[in-house]
Structure formats: C-alpha cells, structure tokens
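Structural overview for review
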Amino acid sequence: MKSKHFLFHHVLKQFRVPHIKGGHLLVAVSGGVDSMALLSLLLELKRVVPFSLSVVHVHHGSESKKQKIFQDQAAKTVEQFCVDNDIFLFKKGIEEVCRTGQERALFRNALPVEEKKRRSTKANRTGINSKIKSQKRNGLKENNIKKWNEAVLRKYRYQLFSHCVKKSKADYLVLAHTANDLLETRLIRLIRGTGGQGLTAMSFECNRILRPFIHVSRSQVISYAKKVKLKWCEDPSNRSTEYSFRNWIRYRWLPQLEQKRPGSVEAVFRSLDVIAYMANSNQKEIKKIYKNIVENKNVRRDFVFFFPVEESKKILAYYMREQGFSNYRSEHILELIKQMRRPQKNFTFSLLEREWEMSARWLQPMEKK
C-alpha cells in the first residue's frame, strides 16, 4: 500500500527522471533511522518507479562492549529487513576485510600518512615470511576503532562503497544524508575557513551518488519511520560530544543557539543556502578558466599573476575539488598561491601530506608514495 506520508511524494518527484528509471541502486544502510527510512521508502517507490535495489552494510567493529552490542544489533536489523523484503545485501565486517587483498588495500589507503610510514618501516625491518605473517595478523585488526578517527573510517567506508558499486554493477550509490547533515557539514567547512564554493557541499545527485533526503529534516525522517512502524537502532556514539566536533555542533551548539534565539537555525541554513547558490552561479566562469590553465593534473603557474588573490583562491579551490583533494582549508590555498608567486623557477615543497613540484611554468602534485 502506497505511503501517504509527504516524504514519499517528495522523493517520488526526484526519481521520476529518465536516467534513474530502470537503474540499479546500491543503498548504504547503517541500521540507523535515516538509512532504514530511506531503504523502506525506496522499497515503496519501486512499485511506482522501476529500478532494482541492493544494500551494503559496514560493521566497523569496536573494543567497546556497548558499541559492539549496537553494531551487532544494527547488522541484524539490516539483514532481517533485507531477508523479509528479498533484497540482496553486501555485508562487510571488520574480520571480513582481511579476506581479500583488494579490500584490505582499501582500508590501508584510508590510513593517515604517519601510520602508513610506520607500517612501511616495520615491514622493511622484517623478512618476507614475517611480512606475510604480519599482514595476515594485522588484517584481522585493521579497524581497531580506538586508533582511527571518524574521518579515516568515513574515507574507508566510501572506498568500500565504491568497491561494492563496481562489484554489483550499480548505477548509483544512495546515501541517507539529511538537511541536518548538510547544515552541519557547511558549518564545519565554514569554521575551517572555506569559501562560498565549499558551502555547496552535498546535493541530490553528484558523481553517481544520490541523496534523496538532502532537503528533508531529520525530524521529518523520524516522523515517516514512526508512521510506517520501522525498526532501527540508535548509535550510542552519536551522542558523544567529547571527540566528535560534528556531534558537539548537533547536540550542543545548535540546540543552544535555537534556545537562545528561536528560528536561528533555520535562518543560518537559509543564509548558507543563499551563499552556496551565489557561489554556484559563479562556477561557469571558473570552469572556463580552469580548462585553460589545467593540463592533466598540472596547473599553469602564471595565472596567479593575472587574477586578484580572491579570484585565484576560488580557481585553486575548484582545482583541489576536481583533483580529489580532501580536508584542504583556506590557508592551504593561500600557501599554494604564495609558492606559485615565488621567484625561484624549480623547487619542491610539501602540503596536505603531498609533495608538490614547481617548474618555471607548471605546478604539479606528485603521486603519493
């Protein structure tokens, strides 16, 4: 029976486009309310818009007993929903990561540079047999959640999702990000020193990723989940504000702001939306400049002398995004401009855990070792 909740009709409008109809969607489901609501809604939507559906769930593992109980329960909740509704499920657990070299490599690629160097040095000190034994032994312990921060785990998840998209031959990866996630991401980027382009953040469709809830509040998603009597699991770590800056914004700063001045959160969201829209309108001009100054991954060095610093920052920020750099800030862009304006013709420098080579004409990022 078709849902009468407004969320169904909201998502239906987005999915009634030719390139999504008949496609294969891989949905990332954690077992939380957002992703379970998304999966339930897409299942309803299949009756109206033809497409095939499969699910990927990642079990991170934890040394914390409380967290382990949640993760086990979340995995069971997702699996049971898929069994009940005949949906294919990719289950990726910590102990499974070590079973294939490709998936083990995905995790290692997400590790901080310092940890990669440590492992490389350790491997060089041991013989080949010890190295093989060490890899097998470490494979089971790759995801010690106390060692790695959320950024590392997020990067690993996305690499694993990409791997599953290729394996399942899916047309799109579908994520359950809501308007709350979008606001939090924009605020974090703003605090880091991003420009207007950085505030564009997430959208409904980008790079074969769909986010049907990106303009829907979390309270509206919960309303739908309760209406259709969904089962989901609450992650206890989501309430921890000690180590997570995002959680601090979500559970402390924004509620206090709203309490102090009602309507402020909505006003901040609208303001950031306007800034992002204005930045998007300037993208066409930047794209034209980008095509003229970038060859492969190389950037023409002299362009910074023809544009004001603010314009150069926008162009280089666009370049960084296009080349797949992450976690860059305004000061990193300014450092690139500073290096490009130096009088020396040929030199190298380090930035964002990467070596850069400067010639008389080009700036070139070196491949990671």
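Right above here is the structure, for reference.
Presented here is a report on the structure given in the accompanying data block.

Conventions we followed
Residues numbered from 1 in each chain as written. Predicted model: local features only at pLDDT ≥ 70, side-chain atom pairs only at ≥ 80, totals over all residues. Heavy atoms only, no water. Patch = residues over 30% accessible without salt bridge, like charges linked within 9 Å, V, L, I, M, F, W, Y side chains within 5 Å. Areas by Shrake-Rupley, 256 points an atom, 1.4 Å probe, with all protein chains shown as cover. Salt bridge = Lys/Arg side-chain N within 4 Å of Asp/Glu carboxyl O. Helix = DSSP H or I, 4+ residues; strand = E, 2+ residues; numbered from the N terminus. Buried < 20%, exposed > 50% of the residue type's maximum accessible area, 1.4 Å probe, protein only. Arc of directions from axis to C-beta. Contact = heavy atoms within 4.5 Å. Axes fitted to C-alpha atoms, helices over the stretch in contact; angles between N-to-C directions. Parallel < 35°, antiparallel > 145°, perpendicular 65-115°, else oblique. Nonpolar A, V, L, I, M, F, W, Y, C, P; charged D, E, K, R; others polar. Core = buried A, V, L, I, M, F, W, Y, C linked by side-chain atoms within 4.5 Å. Pairing = 2+ DSSP bridges.

**Some thoughts on a nonpolar patch on the surface**
A cluster of nonpolar residues, I191, F245, W248 and W253, forms a patch on the protein surface that exposes about 380 Å² of accessible area. The element best represented in the nonpolar patch is helix α11 (residues 245-260), accounting for three residues. By the element assignment, W253 lies in helix α11.

**What to know about helix α1 (residues 6-15)**
In an α-helix there are 3.6 residues to a turn, and that puts residues three or four apart on one side. Residues of α1 that are buried include every one of L7, F8, V11, L12, Q14 and F15, and no others. Projected down its long axis, α1 shows its buried positions confined to an angular sector of 160°, all on one face. Packing partners of the buried residues in α1 comprise β1 (24-28), α2 (33-45), β6 (209-210) and α10 (218-227).

**Notes on the packing of helix α13 (residues 283-293) against helix α14 (residues 309-322)**
When two helices pack together, their arrangement is given by the angle between their axes and by how far apart the axes lie. At their nearest, the axes of α13 and α14 sit 10 Å apart, and the two run at 75° to each other. The pairing of α13 with α14 is recorded here as roughly perpendicular in orientation. Contacts between α13 and α14 pair Q283, I286, K287, I289, Y290 and I293 from the former with K314, I315, Y318, Y319, R321 and E322 from the latter. The residue makeup of the contact of α13 with α14, split by class, is seven nonpolar, one polar and four charged.

**Considering the nonpolar core**
Judged by nonpolar contacts, the single largest core of 52 residues is most densely connected at F15, L42, L53 and F213. Broken down by element, the residue count for this core peaks at nine residues, all from α2. Those residues in contact with F213, other than ones at most four positions away along the chain, are L7, V11, D34, A37, L38, L41, A176, H177, T178, A179 and V221. By size, the runner-up hydrophobic cluster in this structure holds 26 residues, among which are I289, Y318, Y319 and F349.

**Overview of the sheet that holds strand β7 (residues 294-295)**
With antiparallel pairing, five strands are arranged side by side in an open sheet as β7-β8-β11-β10-β9. The open sheet terminates on both sides in strands that have one partner only, identified here as β7 and β9 (347-351). Sitting on the sheet, helix α15 (residues 330-340) touches β8 (298-300), β9, β10 (354-358) and β11 (362-365), and the angle it makes with β9 is about 175°.

**A word on the pattern of salt bridges**
For the structure on display, the rule yields 12 salt bridges. Measuring nitrogen to oxygen at the nearest pair gives 3.3 Å for the salt bridge that ties E79 to K91. Of the two residues, E79 is situated in helix α3 (residues 65-84) and K91 in strand β3 (residues 88-93); the sequence distance between them amounts to 12 residues. What makes E79 partly exposed here is its relative accessible area of 32%.

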